[in-house]
Amino acid sequence: MPLPEIFPGQFVQALVHNSPATFLRRPFSIHFVDYAANTLSLLVQARGEGTLHLGMLKPGDSLNLVYPLGNSFSIPSSGNVLLVGGGAGVAPLMFMGDYLNKKNIRPDFLVGFRTADEVSQIDEYSKYGKVFLSTDDGSMGEKGFVTQHSVFTTSPLAYQRICCCGPDAMMHAVAKLAKEKGVACEVSLENMMACGYGVCLCCITPTDKGNERVCLEGPVFDTRKLKWEL
Amino acid sequence: MSDLSINIAGIDFKNPVSTASGCFGYGEEFKDFYDLGLLGGIFVKAVTGSNRDGNKTPRMAETASGMLNSVGLQNKGVDHFCKHIYPRLKNFDTQIIVNVSGSTIEEYVEVASRINELEGIPAIELNISCPNVKEGGMAFGVVPSTATEVTRAVRDVYKKVLMVKLSPNVTSITEMAKAVVDGGADVLTLINTLLGMAINAETQKPVIATTTGGLSGPAIKPVALRMVWQVYNAVKIPIVGLGGIMNATDAIEFMLAGASVIQVGTANFIDPMVAPKIVEGINEYLDRHNIAAARDIIGALKKP
């Protein structure tokens, strides 16, 4: 079956087989879509029982997915775009980079990891744009958090738009910087969810329209709409 | 093809499979997955007197063979439901039943009387069993005299079929069932979630923001089956059964225990297509056992 049209920022709900302790599906951002090969890629970090079992899948195994779910990052028609990711949160940025390239926009990537051991796919990202790297311990790229990277400390900021996905604290820090510098910023939230299609109401986040569902009205939100203290 | 139709309290369900309140939104969310006309009924998300934002997050925790939730009846209130949601639902080719909640008897009565005016809604399901709100909810469903009182107050204003959803968090489920029958209930729904909690040992904190929440999923199925069976043997009115139903076999077990109609709840989160699969599975079971009609297995449990 051919893939449906998928937009960057959308996610799947994956069923984890053969893992008795895993009951609910696991949400993952769509990492890459190749319509020609009819493949969809996920980037999964082994964190708990569910992701460990997913990591044991072998080529040819099947995986039950509900997709594509959620909204997507806004696609500008022009301008400089910075894609910021941290840890496993880098997942949707590859697809976003490819998508922007097809709209004739070459974004910059700023990706942060704890240490050099966790850094991967830098060559892949550089196909779609310039890549800046930071690690918490300075073992690769600039030392510190992504918000301490020279991309952010150099004034004025060279971007009209930031798209960000990663740990909550990182997204808050990036959103705060974006606000200070007057740059539009979208974040992809990872709230705990059960269903993924808008009915359990577990994943809500407060916005200017009240409590909205991360799975349906999100996962991507303009940070100005969120009730974040920045 | 066996006869799957079920009539309870005068309402025709084309089959015994319906979806549980709070696990199926307003049904519209599932239109992309299948034709809602395949369902016997849809019990829509709880409606209260006015807008409720619900509880803080995290609102859920995964547990062994189940999950805890503490949503806290988030909804936009009965006025919004009648004006904006009902018009979109009224033409669905399935029975639409509204779950009615409140913090006070007056609120239950207000919501019930508003829903009473909606022609396309044949019944309400009075929710006196939500464990996740500070006032009302389960507080009405754990003391028999209070349960009788709220049921009677709603009975006075609600002219169609009155279903009452019972809490399992009681010493005697049959005593509660009899109490709401005394109040004028036409049908009993059981069970709502079991009060539970989850702790993160690393952070030494509760996993969900309200500390406790409602447990659902296969973990609670044996408790639910036992309660349906006890109530079936204690009262004469029909039962809508739920609690951890994941497949057709589970559904059939509930019907054997005494449920006329079943609800699929948490399973909708695991497989959005599960409800029509259960309809198929019940049909297959009846054929295999040469049973002419689904209604023939209601309460047909044999002695051990």
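Residues numbered from 1 in each chain as written. Chains lettered and ligands numbered in written order. Predicted model: local features only at pLDDT ≥ 70, side-chain atom pairs only at ≥ 80, totals over all residues.

Colleague: Just checking my understanding: could you explain the interface of chain A and chain B for this structure?
Modeller: Taken together, the contacts link 18 residues of chain A with 23 residues of chain B. A breakdown of the residues in the side of chain A that touches chain B according to their chemical character gives 13 nonpolar, four polar and one charged. (Contact = placed C-beta atoms within 7 Å. Nonpolar A, V, L, I, M, F, W, Y, C, P; charged D, E, K, R; others polar.)

Colleague: Explain the sheet that holds strand 11 (residues 194-197) of chain B to me, please; I cannot follow it from the model alone.
Modeller: Two orientations exist for strands paired in a sheet by backbone hydrogen bonds: parallel and antiparallel. Residue and element names in this part refer to chain B. Strand order in the open sheet formed by four strands is 5-6-14-11, with antiparallel pairing between adjacent strands. Lying at the two open borders of the sheet, with one neighbouring strand each, are strand 5 (60-63) and strand 11. Averaged over neighbouring strand pairs, the angle between their axes works out to 40° when direction is ignored. Here four bridges tie strand 11 to strand 14 (residues 212-216), and the two strands are oriented antiparallel to one another. Following the sheet pairing, Leu-194 is matched in strand 14 by Leu-215. (Pairing = 2+ DSSP bridges. Helix = DSSP H or I, 4+ residues; strand = E, 2+ residues; numbered from the N terminus. Axes fitted to C-alpha atoms, helices over the stretch in contact; angles between N-to-C directions.)

Colleague: Please clarify how the packing of helix 3 (residues 144-157) of chain B against helix 4 (residues 173-182) of chain B should be interpreted in this entry.
Modeller: Packed helices, taken two at a time, are described by the angle their axes make and the gap between the axes. Residues and elements named next belong to chain B. Relative to each other, helix 3 and helix 4 sit at 30°, their axes nearing to 7 Å. By the angle between their directions, the pair helix 3 and helix 4 is classed as roughly parallel. Both helix 3 and helix 4 take part in a crossing whose hand is right-handed. Contacts between helix 3 and helix 4 involve Pro-144, Ala-147, Thr-148 and Thr-151 from the first element and Glu-175, Met-176, Ala-179, Val-180 and Asp-182 from the second. (Parallel < 35°, antiparallel > 145°, perpendicular 65-115°, else oblique. Left-handed = near helix turned anticlockwise from the far one by under 90°.)

Colleague: Explain the nonpolar core here, please?
Modeller: A general trend in soluble globular proteins is that nonpolar side chains are found buried together. Val174(A), Ile124(B), Met163(B), Leu188(B), Val228(B) and Ala251(B) are the most contacted members of the largest nonpolar core, which has 172 residues in total. Split by domain, the residues of this core number at least three in each of domain 1 (11-69) and domain 2 (81-190) of chain A. Residues in contact with Val228(B), not counting those within four places in the same chain, are Leu190(B), Ile239(B), Gly241(B), Phe254(B), Ala257(B), Gly258(B) and Ala259(B). (Core = buried A, V, L, I, M, F, W, Y, C linked by C-beta atoms within 7 Å. Buried ≥ 20, exposed ≤ 12 C-beta atoms within 10 Å, placed from the backbone. Domains from an automatic or database assignment.)

Colleague: I tried to follow the sheet that holds strand 1 (residues 11-14) of chain A on my own but got confused; where do I start?
Modeller: Residue and element names in this part refer to chain A. Reading across the sheet, the four strands line up as 3-2-1-4 and stay open at both edges, with antiparallel pairing between neighbours. Lying at the two open borders of the sheet, with one neighbouring strand each, are strand 3 (39-42) and strand 4 (65-69). Averaged over all pairs of adjacent strands, the angle between strand axes in this sheet comes to 40°, irrespective of strand direction. One ladder, built from four bridges, connects strand 2 (residues 26-34) with strand 3; its direction is antiparallel. Following the sheet pairing, Asp-34 is matched in strand 3 by Thr-39.

Colleague: Just to check I follow, could you spell out helix 5 (residues 221-232) of chain B for this structure?
Modeller: Because an α-helix packs 3.6 residues into every turn, residues spaced three or four apart end up facing the same way. Counted at 1.5 Å a residue, the expected span for helix 5 of chain B with its twelve residues is 16 Å, and the 16 Å between its end C-alpha atoms agrees. Considering only its buried residues, helix 5 of chain B is in contact with helix 4, strand 10 (187-190), strand 15 (239-241) and helix 6 (248-257) of chain B. (Expected span 1.5 Å × (residues − 1).)

Colleague: Can you walk me through unusual backbone geometry in this structure?
Modeller: Keep in mind that most residues, glycine aside, have a negative phi and that most peptide bonds are trans. Residue Pro68(A) is reached from Tyr67(A) by a cis peptide bond, and omega for that bond is -10°. Secondary-structure assignment places Pro68(A) in strand 4. With an omega of 15°, the peptide bond running from Gly218(A) to Pro219(A) counts as cis. On the secondary structure map, Pro219(A) appears in the loop between strand 12 (210-213) and strand 13 (220-222). One non-glycine residue with positive phi stands out, namely Ser65(B), at about 50°. Its identity as a non-glycine residue notwithstanding, Thr211(B) has a phi of 70°, on the positive side. Note on placement: Thr211(B) falls in the loop between strand 13 (205-206) and strand 14.

Colleague: Would you mind showing me how to read the domain arrangement of chain A here?
Modeller: Accessible area lost on assembly of the parts is the figure often given for the size of an interface. All names here are of chain A. Splitting chain A by domain gives domain 1 (11-69) and domain 2 (81-190). The C-alpha centroid of domain 2 is placed 24 Å from the C-alpha centroid of domain 1. Each side of the interface is counted separately: domain 1 has eight residues, and domain 2 has eight residues. Among the residues making up the side of domain 1 that touches domain 2, the classes are represented as five nonpolar, three polar and no charged.

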